[in-house]
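Here's the letter readout for the chains.
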Amino acid sequence: MSLIKKDFIFQEVNKIKGVGTQLSKYLKQKKIEKIKDILLNLPYSETDRSVISKIEKLEVGKIQTLKVNVKKLVFPRVRNLPNKIICEDETGDISIVYFNSREGYLRKIFPINKTLIISGKVNLFRNKLQISNPDYVTSFENKDYVVKNIPKYNLTKGLNEKKYRYISEQVLQNLPIIDDWVDEDFIKKNRILNWNHAIRNLHNSKESKDKNSKSFRRIVFDEICANLLTLSENRKRIRKIKKTKYFKKKISDQIIANLPFKLTESQIEVLNEINTDLKSNKRMFRILQGDVGSGKTIVSLLSIANVIESGYQCAFMGPTEILSNQHFNLAKKIFKNSKIKIEFLTGKIESSKRNEILKNLIKGNIDLLIGTHALFQRGVIFKNLGFVIVDEQHKFGVKQRSDLAKKGGKNCDVLLMSATPIPRTMMMSLYGDMDISKMAQKPSIRKSIITLSKPEKKIDELWPYIKKNINQNNQIFWVCPLIEESQFLDYTSAKRKFGIIFKKFPNKVGLIHGAMSKDEREQILNKFLKKEIFILVSTTVIEVGIDFPDANLIIIENANKFGLAQLHQLRGRVGRGEKQGTCILLFKDGLSENAKKRIKILKGTDDGFLISEADLSLRGFGDLTGFQQSGVKNFRFADPLNHKDLFELAENFILNVGKEINQQKYKFLLKLFDKAEIINMDEN
Ligand code: ADP
Ligand code: MG
């Protein structure tokens, strides 16, 4: 291969000898576009071709390797009949069969009387042994290329072991020695390998299969580091100098004094953190993590008051119309006695009203604009936006976050709020570009939710209880894991449950699920909010954040189907008002030990952070639907549970990189994991 060695591994795959347009296309299907992607595509197993078997000892159905002499070639002149080569050793003979193969080619690779090594899957056809389209045919002199264990990669149509091996071996042979970004001492101390050894070792499936081998740990470490470096670079770019804001807090002090409750210590602490940011000459880029019901909204509104009083506009975005509308109503109530002008903008607002809002916004006649994504559509122009708050946006990725930071302009602070508790191990890897505020405490007047479990077959005992609740003007959430019945899964579906409940409580029950449009869902939620219905049957689509003051009972079917963190979020939907909340977990009978453990944890604590840690250790990372939904992106190699020590190690390591990030070796690391583009984002 005639390539400049230095940036060899970042070239496109078509630079590899023998890789043309077609093969590039196939590789692309496996997300292999650059040469480095071949390095990172690790074998998951190996094919044992290391033993040369005698023909009489062959086992049908297995991949085996033979040493044979070519006896005879048969080319039938009839269409659809395969070409056949009869080969033999001292114990018997076997047919090698080819469909669609040209005679000339076969005559070349099967010279009569020549000794060959053949490897492939052995079949029986009309009681005779045969191998059709063998994986390898090579001369005996070349046997070392075939007679061994050969790494097995996840391949796709158009790529076979032989072809892919030809590619990956070329890459490994031409791999330049890289200047390692980790020094020898560190490597020795932390049970990892240097990069050059590790990457070569990993193409031996024994090393790549063992997720705790030194080589594998090395690539995990690198992956985490690349991730953290990207975030910390991003953070530096975003937290640039802003124009210092003149900072007042008269209005917020007044509001606090008039609140019907006392702020919790957590709320005061977080409010101070935010205020310190607002006063500082660096832009705020902060995430507020607070368990459901910890009281994030009031904290954000208080900080908004300070920014507005200092002469800047604020934007407050929620994920849905209903939630944004609740925030809007709350803001109107709280700011009633101030001069703060508030407007509400969603995609559905009629155009004359919208135009009026936009006009006032650009003139600076609106101080606070609350709404949905519509807040950031084109044409929405603020006069002097100083602060953006985004509620319940755990699905924002790094790129979206920095886009958001850009939208506000250089002078704009950003606060994200999320109720999804993230295990500590993952915190930095997810939010390393932001400052993190945590609100652990909940208002003490809030009673913790009573959590009960019940076998599903005793469901009839529930009906009188439900009836009693409805008579007491209470509302009920009823959560099912599926929308429709499935012939494969023995889970309760929302549609069927709705039918059953409807018979018992006609006109009191509504249904909501993910296959409905957002509008339809909001309509039903509004009915529930207005208490036109009392029972809401749903899948997990009802999002957190909405206050249903009279909802105090939630029933969750097939509760073992959900993760702990998810169950905790679900039960957080009740008991937000003054009433005692109750959560009933229904199970099919025969609970596993693990399931019992999980119920015990849920019953035992109301702390979302503790619960997410427990969830992680009980279920493992790969299985955490709750986390996946919350935007925790899957690492390719790292597993936050198994490689916990490496997450910590990488955090410390990256803290010390600092200015050295501009060195070539770190650029290499970032490019390896496709992070370079994120960091080179052009700025406005
Ligand atoms: P979340 O953090 O889940 O967004 P909210 O901000 O919606 O929680 O608050 C939930 C409920 O708790 C609201 O009805 C709110 O008025 C109330 N609340 C907030 N702070 C306190 C407090 N310090 N004491 C009592 N109730 C509070
Ligand atoms: Mg909220």
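The structure we're discussing is the one just above.
Here is a short report on the structure shown in this document. Bear in mind the structure is a predicted one, so any value in this text is a computation, not a measurement.

Conventions used here
Residues numbered from 1 in each chain as written. Chains lettered and ligands numbered in written order. Predicted model: local features only at pLDDT ≥ 70, side-chain atom pairs only at ≥ 80, totals over all residues. Heavy atoms only, no water. Helix = DSSP H or I, 4+ residues; strand = E, 2+ residues; numbered from the N terminus. Expected span 1.5 Å × (residues − 1). Buried < 20%, exposed > 50% of the residue type's maximum accessible area, 1.4 Å probe, protein only. Contact = heavy atoms within 4.5 Å. Near = heavy atom within 4 Å. Polar contact = N/O pair within 3.5 Å; in protein donor to acceptor, adjacent residues only side chain to side chain. Areas by Shrake-Rupley, 256 points an atom, 1.4 Å probe, with all protein chains shown as cover. 1 Å grid on protein atoms, 1.4 Å probe; cavity = no way out; pocket = protein on both sides within 12 Å on 5 of 7 lines; lining within 4 Å. Sits in = over half its atoms within 2 Å of the grid points. Nonpolar A, V, L, I, M, F, W, Y, C, P; charged D, E, K, R; others polar. Points joined across faces, edges and corners; volume = space filled by probe spheres on them. Domains from an automatic or database assignment. Axes fitted to C-alpha atoms, helices over the stretch in contact; angles between N-to-C directions. Parallel < 35°, antiparallel > 145°, perpendicular 65-115°, else oblique. Left-handed = near helix turned anticlockwise from the far one by under 90°.

### Structural notes on helix 23 (residues 644-655)
- With 12 residues, helix 23 should reach 16 Å at 1.5 Å per residue; the first-to-last C-alpha distance of 17 Å fits that figure.
- Considered for burial, the residues of helix 23 that qualify are L646, F647, L649, A650, E651, F653 and I654.
- Tucked inside the fold, the buried residues of helix 23 contact helix 5 (184-189), helix 8 (214-238), helix 15 (424-431) and helix 24 (664-672).

### Some remarks on the site of ligand 1
- Taken together, 17 residues sit near ligand 1, with K262, G293, K296, T297 and R446 positioned nearest.
- Between K262 and ligand 1, the recorded distance is 2.8 Å, taken from a backbone N or O atom to a nitrogen atom.
- At 3.4 Å, a backbone N or O of S294 approaches an oxygen atom of ligand 1.
- Considering ligand 1 on its own, with 570 Å² of exposed area, one finds that the protein chains cover 87% of that surface.
- In a pocket analysis with a 2 Å cut-off to the grid points, ligand 1 is assigned to the largest pocket.
- Across the shell around ligand 1, the residue classes break down as five nonpolar, six polar and six charged.

### Describing empty space enclosed by the protein
- Taken as a whole and assessed by the stated rule, the structure comprises two cavities of 30 Å³ or more.
- If you add up the space inside the largest cavity, you get close to 110 Å³.
- Along the wall of the largest cavity there are 14 residues; nearest its centre are V292, K442, R446, I449 and G572.
- Residue composition of the lining of the largest cavity, by class: three nonpolar, five polar and six charged.
- Empty space within the second largest cavity amounts to approximately 50 Å³.
- At the level of elements, helix 19 (564-571), strand 22 (582-587) and helix 20 (593-604) are the ones that each hand at least two residues to the lining of the second largest cavity.
- Examining the composition of the lining of the second largest cavity, we find that four residues originate from one element, helix 20, more than from any other.
- When grouped by side-chain class, the residues that make up the lining of the second largest cavity number eight nonpolar, one polar and one charged.

### Section: the layout of surface pockets
- Considered as a void within the structure, the largest pocket measures approximately 1600 Å³ in volume.
- Along its surface, the largest pocket is lined by 49 residues, and F261, I298, L330, R446 and D547 are the ones closest to its centre.
- Put simply, the parts of the chain that give the lining of the largest pocket at least two residues each are helix 9 (250-258), helix 10 (265-279), helix 11 (296-309) and helix 12 (321-334).
- For the lining of the largest pocket, the element with the highest residue contribution is helix 12, accounting for seven residues.
- Class assignment for the residues of the lining of the largest pocket results in 16 nonpolar, 18 polar and 15 charged.
- Counting contributing residues, the lining of the largest pocket receives three or more from each of domain 3 (250-439) and domain 4 (450-605).

### Side note on the packing of helix 10 against helix 11
- Between helix 10 and helix 11, the least distance of the axes is 10 Å, while the angle of their chain directions is 30 degrees. What the angle tells us is that helix 10 and helix 11 run roughly parallel. Crossing geometry of helix 10 relative to helix 11 is assigned as right-handed. Together, Q267, V270, L271, I274, N275 and L278 of helix 10 and I298, V299, L302, S303, N306 and V307 of helix 11 make up the contact between the two elements.
- Looking at the contact of helix 10 with helix 11 residue by residue, the classes come out as eight nonpolar, four polar and no charged.

### What to know about the environment of L345
- Its place among the elements puts L345 in strand 12 (residues 342-345).
- As a C-alpha pair, L345 and L536 span 191 residues in sequence and 27 Å in three-dimensional space.
- If sequence neighbours within four positions are ignored, L345 has contacts with R354, I357, L369, I370, G371, T372, A374, L375 and V380.

Keep in mind that these numbers describe shape and distance, not what the molecule does.
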